[in-house]
Amino acid sequence: MSETSNEPASTAAKWYDLFSRGARDWLRHDEKVRESVRKHLPQIVSGADVINEGARTVRVPVRMLEHYHFRLRRPEEQQGAGQGKAKPGDVFSDPSKQRGPGEKGQGGQDDGEVSLLLEFKIDDIVDWLWEEMQLPNLKARVGPSEDSDWIREGYDRRGARSRLDRRRSFKEMVKRRGNPGATPTFIDEDLRFRQLARRRQPAIHAVVFFMLDVSGSMSDRDRKLAKTFFFWVVQGLRREYRSLETVFVAHTTEAWEFNEPEFFQVSGTGGTVSSTGLNKVREIIDARYNPGRCNIYLFYASDGDNSVSDSGEARECLTSITGDACFTGYVEVSSGLSRQLATETGRLFAELQTAGCAAGSYALNDFDDVWGAVRHFFSAEAKALDGP
Amino acid sequence: MTSDDWKNYTQRIEELAARSGLSFHPVEFEAVPDSFMMEIAVYGLPVRMPHWSFGVRYIYQLIQRHMGNSRLFEVVFPGNPGHAYLAASNGLAENILVTAHVLGHADFSRNNLMFRRCQGQVSEHIVEHAANHARQIQQAIEQHGMQRVEAVLDAALALEQHIDVDQALRRERYPEYAPDPKALVDDDFRKRFSQLDPTAASTGVEIKKRAPVPPHPERDLLWFVANYAPEMESWERDIFLAVREESFYFLPVFATQIMNEGWASYWHARLLREADFVPQQAYVDAIKCHSDVVRPVAADEQVSLHINPYHLGFAMWEKIIERDGLDGARHIMEQDDDFSFIRNHLNRELADELGLFRFSARNDGHIKVLEHDLGGLHEAILGPKYNFGAPSVSASHVRTDGTLELIHDNSVDGRGLDLERSRRVLDYVQRVWRRPIVLTTVNQAGSTLELTAP
């Protein structure tokens, strides 16, 4: 090893004090795991358990990667040699089925011996997913009234004390003195201050209405499916709009507005009258949002069993909302049954679509469908926005 | 007492070892931090090529270490000079013991036939070669990118056990043409025969026949892929050959582990007994350390389901030296590997004395101790060591379209391959072979099965 043996024994740090190959290769392994998680992200994150209220990260359990070699099939029974106080015929049981240290060198051979819990930022996930699924960036419908804001940009040697960047200043000091070990002493030249710059951005506001049917026919699983879908829709829209408001409406034969945590806990009994929910949405739009200033979205999740007597009113109300909204989406959650939108509400949305409104519908039967639904709506919406 | 005190003893221990008949190349000792010791153990060499699979082993080692399961005192690399790394956390007594232990290894690796043969191929500078390989691969990464280099390393390291040390490290390609049959038949019979019918003899001007590739099933898959892959680039080939060279170095370490560790343990115990210059307290501490190392069964257990190679080798060498004297023992040390060592010298009497037994373990964790059977015990110890610990897979044919045919010899291994893992290996190799690969093995029922990639 020429790096070490050629050097005279000196007090200088050896290369291995400064660098760990094991850690480097471990990081590479980590990167590979993340890559492969990323490839299967839609399946992984649509699993209901990764979504916690308010959390900005999701945790994904993964197994260590195995570097494969040719191996013999594991036999039903294999022989080994041991040592100690044991007579022929003695029987042990080895519940953990630990392997001898003789095999420990082949790390990762055992099934799930060590698993990792990787934490991903939701923002990163959304970025990856958008890239991966090639979802279009949405164009805002409401025009460019300008909005200005201060953002951080660059550094300067002069500035207000409160904007001193200590880390940056420390680096400058080290650069100047070239000796990280000694006691830090700063001179004015070292100091760096964060600068602010004025940025103009189009003022775009959006509000998303999530309307959930909580009637007796919606099971827990149906609501969970709807929740997962809603979660990712919010994430997606947040990418596009700096200020995104959300409104949660639940209905059975009546309708109520809820805050986010309560909304997903609600369960009701009784029949389904969608027009009550739609009227509630209409009311809220009229009271709080001006369609000329604000992008409005509505996503409605239901099992589709709207009462037949309600269809007239529901149609009317929905048509009026679609007139003001950027996009209206309907997810039909019917776990177990795949009725493929052949329901009362399904037909209603199909009519809207045929009439050329910005509307779409999707049948959500399983957690695996969640990303299909997101993809479906976001491409449909982009198309609708591109239109005249 | 400073941590460098042990250095004062190195020379005296070396002199004592030489007087006791050990013959070794000079060894350079270096005390290194525990973290680096651990990395040497993970990589098998002080500087070695980067690969994510080492990162996985590294984490397993870290976990082991945190659970207090493993403590490394030394790692030694054969060569001229040899390199020995001692853990900086070793105490004086431990270092004295370890110095003696290292000299036992140095004697072994200089004189054992298998080591000599492989070092004759690889040279006595494996540590430097491996560092060069690492550098060369680093350059390849800069030039061709991480992804591509990693794909090649995935394949090469997956095949690292598939070498053939009976052939030279630097091997010629197969002869292009089949041997000329005429050379063999120029005898009296042929002369008389050709007189009988001159027209038949004249057709004997044969067209040279191309030899099939490979002419016989080829076990050295690393060499074969490097030489016969239809579209491999030269830097990829270099990576394969670098991995192969390191495997040539690792094989004797693997195939003589019991003998080698036993020999080193025997000598550290003996040199320590004879080293009257070691202070009393250090001697006592060192002997304690010795008995920990060669302990057959962990302190809190009655029975162990594996055999400590230090203990087994140590006990066997003690018997052999008692029986055959030092010269006889040195002769065995020079000639044997673990296979002949165990089969020839682990007899019934010693096996009983050590309490060795054979067991069968079912998949559900049910373990049963089997009847005494010396032959069976030998094979149970040696089983994991056959063929560098790998299944017998060889390259049997390359089709005209470049498809590589691999064949697994299940008659040797007794059962078929793990299909899922084999498929993954084929995927790795296919990326450098760049043509389809077909692997023949048997399934659970024993009928022939073909795996293909892509």
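As the structure is a prediction and not an experimental result, all values here were calculated from the model.

Calculation notes
Residues numbered from 1 in each chain as written. Chains lettered and ligands numbered in written order. Predicted model: local features only at pLDDT ≥ 70, side-chain atom pairs only at ≥ 80, totals over all residues. Helix = DSSP H or I, 4+ residues; strand = E, 2+ residues; numbered from the N terminus. Buried ≥ 20, exposed ≤ 12 C-beta atoms within 10 Å, placed from the backbone. Contact = placed C-beta atoms within 7 Å. Axes fitted to C-alpha atoms, helices over the stretch in contact; angles between N-to-C directions. Parallel < 35°, antiparallel > 145°, perpendicular 65-115°, else oblique. Left-handed = near helix turned anticlockwise from the far one by under 90°. Nonpolar A, V, L, I, M, F, W, Y, C, P; charged D, E, K, R; others polar. Pairing = 2+ DSSP bridges. Domains from an automatic or database assignment. Core = buried A, V, L, I, M, F, W, Y, C linked by C-beta atoms within 7 Å. Expected span 1.5 Å × (residues − 1). pLDDT = per-residue confidence, 0-100.

**Q** Explain the overall build of chain A here, please?
**A** Scanning chain A from N- to C-terminus turns up twelve helices and twelve strands. Each of the 388 residues in chain A was classed as buried or not, and the buried ones make up 31%. Taking the contacts inside chain A whose residues are at least 6 apart along the sequence as the reference set, 78% of them involve residues at least 24 apart.

**Q** It is not clear to me how the packing of helix H6 (residues 126-144) of chain B against helix H11 (residues 234-255) of chain B should be interpreted in this structure. Could you clarify?
**A** Relative orientation and spacing of two packed helices are given, respectively, by the angle between their axes and the distance between those axes. All names here are of chain B. Between H6 and H11, the shortest axis-to-axis distance is 10 Å and the interhelical angle comes to 155°. Compared by their axis directions, H6 and H11 come out roughly antiparallel. Of the two elements, H6 crosses H11, and the hand of that crossing is left-handed. For the pair formed by H6 and H11, the contact residues are Ile126, His129, Ala130, His133, Gln136, Ile137, Ala140 and His144 on the first element and Trp235, Asp238, Ile239, Ala242, Glu245, Glu246 and Tyr249 on the second. A per-class count over the contact of H6 with H11 returns eight nonpolar, four polar and three charged.

**Q** Help me understand the interface of chain B and chain A in this model?
**A** Accessible area lost during the coming together of the parts is what is often quoted as the interface size. Taken together, the 72 residues of chain B in the interface contact 54 residues of chain A. With ten residues, the single largest contributor to the side of chain B that touches chain A is helix H3 (residues 52-66) of chain B. In terms of residue class, the side of chain B that touches chain A is made up of 41 nonpolar, 18 polar and 13 charged. In this sheet, strand S6 (residues 366-369) of chain B lies alongside strand S3 (residues 91-93) of chain A in antiparallel orientation, the contact comprising three bridges.

**Q** I'm lost on the pairing of strand S10 (residues 448-453) of chain B in this one. Help?
**A** Successive side chains on a regular strand alternate, one facing one side of the sheet and the next facing the other. Residues and elements named next belong to chain B. Pairing geometry for strand S9 (residues 437-442) and S10, over six bridges, is antiparallel. In the sheet register, Thr440 faces S10, and the bridge partner there is Glu450. In sequence, S9 turns back onto S10 through a hairpin of five residues, with Gly446 there showing a positive phi of about 90°.

**Q** I would appreciate a short explanation of the sheet that holds strand S5 (residues 356-362) of chain B in the present structure.
**A** Working definition: the strands of a sheet are paired by backbone hydrogen bonds and lie parallel or antiparallel to each other. Sheet architecture is open: five strands sit in the order S3(A)-S6(B)-S5(B)-S2(A)-S4(B), paired in antiparallel fashion. Two strands bound the open sheet, and with one partner strand each, they are S3 of chain A together with strand S4 (303-304) of chain B. Where helix H17 (residues 374-382) of chain B meets the sheet, its contacts fall on strand S2 (77-84) of chain A together with S5 of chain B, and the angle it forms with S2(A) comes to roughly 100°.

**Q** Even after reading the chapter, I still don't get the domain arrangement of chain B, so can you show me in this structure?
**A** Taken domain by domain, chain B consists of domain 1 (303-386) and domain 2 (387-453). Put simply, the middle of domain 1 of chain B and the middle of domain 2 of chain B, counted by C-alpha atoms, are 33 Å apart.

**Q** Just checking my understanding: could you explain the sheet that holds strand S11 (residues 327-333) of chain A for this structure?
**A** Residue and element names in this part refer to chain A. Strand order across the open sheet formed by six strands is S9-S8-S7-S10-S11-S12, with mixed pairing between neighbours. Since the sheet does not close on itself, it has two edges, and those belong to strand S9 (255-258) and strand S12 (359-364), each with one partner. The mean angle between the axes of side-by-side strands here comes to 20°, regardless of whether they run parallel or antiparallel. Strands in contact with helix H9 (residues 274-288) are strand S7 (205-213), strand S8 (243-251), S9 and strand S10 (295-302); relative to S8, the strand with the most contacts, it is inclined by about 150°. Here helix H11 (residues 344-354) sits on the sheet in contact with S10, S11 and S12, set at roughly 145° to S12.

**Q** Sorry if this is basic, but what is going on with the pairing of strand S3 (residues 82-87) of chain B here?
**A** All names here are of chain B. For S3, the buried fraction is high: six of the six residues fall into the buried class. Residue alternation in S3 divides its side chains into two sets, Gly82, Ala84 and Leu86 and His83, Tyr85 and Ala87, and both sets are buried. Where strand S1 (residues 27-32) lies against S3, six bridges are found, and the strand directions are parallel. Paired with Val27 across the two strands is Gly82, which belongs to S3. Two elements, strand S2 (residues 74-77) and S3, share four bridges in a ladder whose sense is antiparallel. Paired with Glu74 across the two strands is Leu86, which belongs to S3.

**Q** Looking at this model, I keep getting lost on the packing of helix H7 (residues 146-158) of chain B against H11(B). Mind explaining?
**A** Residues and elements named next belong to chain B. With their axes 9 Å apart at the nearest point, H7 and H11 run at an angle of 30° to one another. Between H7 and H11 lies a crossing whose hand is right-handed. On H11, the residues that touch Val152, Leu153, Ala156 and Leu157 of H7 are Glu236, Ile239, Phe240 and Val243. The residue inventory of the contact of H7 with H11, partitioned by class, reads seven nonpolar, no polar and one charged.

**Q** So what exactly am I meant to see when it comes to the nonpolar core here?
**A** If you look at the biggest cluster of nonpolar residues, it comprises 132 residues, and the most contacted ones within it are B:Ile96, B:Leu103, B:Ala156, B:Leu222, B:Val225, B:Ile239 and B:Val429. At ten residues, helix H4 (residues 92-111) of chain B tops the list of elements feeding residues into this core. Each of domain 1 (303-386) and domain 2 (387-453) of chain B gives at least three residues to this core. Residues A:Ala206, A:Val207, A:Met218 and A:Phe299 belong to the second largest nonpolar core, which totals 57 residues.

**Q** Looking at this model, I keep getting lost on H7(B). Mind explaining?
**A** Each turn of an α-helix holds 3.6 residues, which means side chains three or four residues apart point in the same direction. All names here are of chain B. Over its 13 residues, H7 runs 18 Å from end to end, which matches the ideal 18 Å to within 8%, given 1.5 Å per residue. All of the buried residues in H7 are Val149, Val152, Leu153, Asp154, Ala155, Ala156, Leu157 and Ala158. Buried positions along H7 lie against H3, H6, helix H10 (221-228), H11 and helix H19 (419-433).

**Q** Sorry, what's going on with the confidence of the model for chain B here?
**A** In regions of low pLDDT, the predicted coordinates are not meant to be interpreted in detail. For chain B, mean pLDDT is 89; residues scoring 70 or higher make up 94% of the total. The complex prediction reports pTM at 0.72, with the ipTM value standing at 0.88.

**Q** How do you make sense of the environment of A:Phe186 when you look at a structure like this?
**A** Residues and elements named next belong to chain A. Its location among the elements puts Phe186 in the loop between helix H6 (166-177) and strand S6 (193-202). Phe186 gets classed as partly exposed once you count the C-beta atoms within 10 Å, which come to 13. When near neighbours in sequence (up to four residues on either side) are disregarded, Phe186 contacts Ser169, Met173 and Leu191.

**Q** Looking at this model, I keep getting lost on unusual backbone geometry. Mind explaining?
**A** The general pattern is negative phi for most residues beyond glycine and trans for most peptide bonds. All names here are of chain B. Residues Asn80 and Pro81 are joined by a peptide bond in cis, for which omega reads 0°. Note that Pro81 resides in the loop between S2 and S3. Put simply, Ala453 and Pro454 share a cis peptide bond, and its omega is 0°. Inspection of the secondary structure puts Pro454 in the segment after S10. Residue Asn387 is not a glycine yet carries a positive backbone phi of 50°. For Asn387, the position within the fold is in the loop between H17 and strand S7 (393-398).

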